[in-house]
Amino acid sequence: MFEKRLNQLYGQRENVERLINAMETVAFNKANIEKLKKGKEALAQTIEEVDVDKVNELMDDVNEQVAMADEIGEAMAQTLGNDDIEEEDLEKELEELQNEEMEAEMLQAPEVPVSEQKSEKVEQKQPAIVEVKGDLLAELASAPSAPVSKPEVKQNKELEAITAGLGI
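A quick note: this is a predicted structure, and the numbers were derived from the prediction, not measured. (Residues numbered from 1 in each chain as written. Predicted model: local features only at pLDDT ≥ 70, side-chain atom pairs only at ≥ 80, totals over all residues. Heavy atoms only, no water.)

## Points about the pattern of salt bridges
Spelled out, the test is: In what follows, salt bridge is the name for a side-chain nitrogen of Lys or Arg lying within 4 Å of a carboxyl oxygen of Asp or Glu. Helix numbering and strand numbering both begin at the N terminus, where a helix is a DSSP run of H or I of at least 4 residues and a strand a DSSP run of E of at least 2. Relative accessibility decides the category of a residue: with a 1.4 Å probe and only protein chains considered, values under 20% of the type maximum give buried, values over 50% give exposed, and everything between is partly exposed.
By the definition in use, this model includes 2 salt bridges. Where R13 meets E17, a salt bridge forms, and the shortest distance between an N and an O atom there is 3.4 Å. Of the two residues, R13 and E17 both sit in helix α1 (residues 2–49), 4 residues apart, roughly one turn of that helix. For R13, a relative accessible area of 55% gives the class exposed. Residue E14 pairs with R18 through a salt bridge whose shortest N-O separation is 2.7 Å. Taken together, the residues E14 and R18, both in helix α1 and 4 residues apart, mark about one turn of the helix. When its relative accessible area of 40% is taken as the criterion, E14 is described as partly exposed.

Put into structure tokens, the structure is as follows:
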């Protein structure tokens, strides 16, 4: 008996909780509907204050100003001076100047005396044609200025003695 009564009370309580949830949902929905109505009215009022033609005109003006700002930026980014000179032209001119300088230096070089006694093999050979690429003076400047020393003979003899002692 108590169990039956207890089950009835639990059932009634569950019904009341469902009713409360339904009332809360309806109240929440009603508040949202009111907010949507107010939002719609505010939007309609804003739309009445703003003319579509004026908006299009404003957007055209903004786009025009942005384009002008881009043009100014491009103009400011240009290099000063000779814009007509290309990098390839400069490199070609540099190469020509280097070749002219090298030819002038070669013409100023002293003649090397050639002995009267030439072997027949040397006379029969045709002169070699050497093509110079790049900056020959720069390559010569990077060569060592002092003679490269050879390992001392004493060190070679010691190394031979050690290897002979090892049987190598």
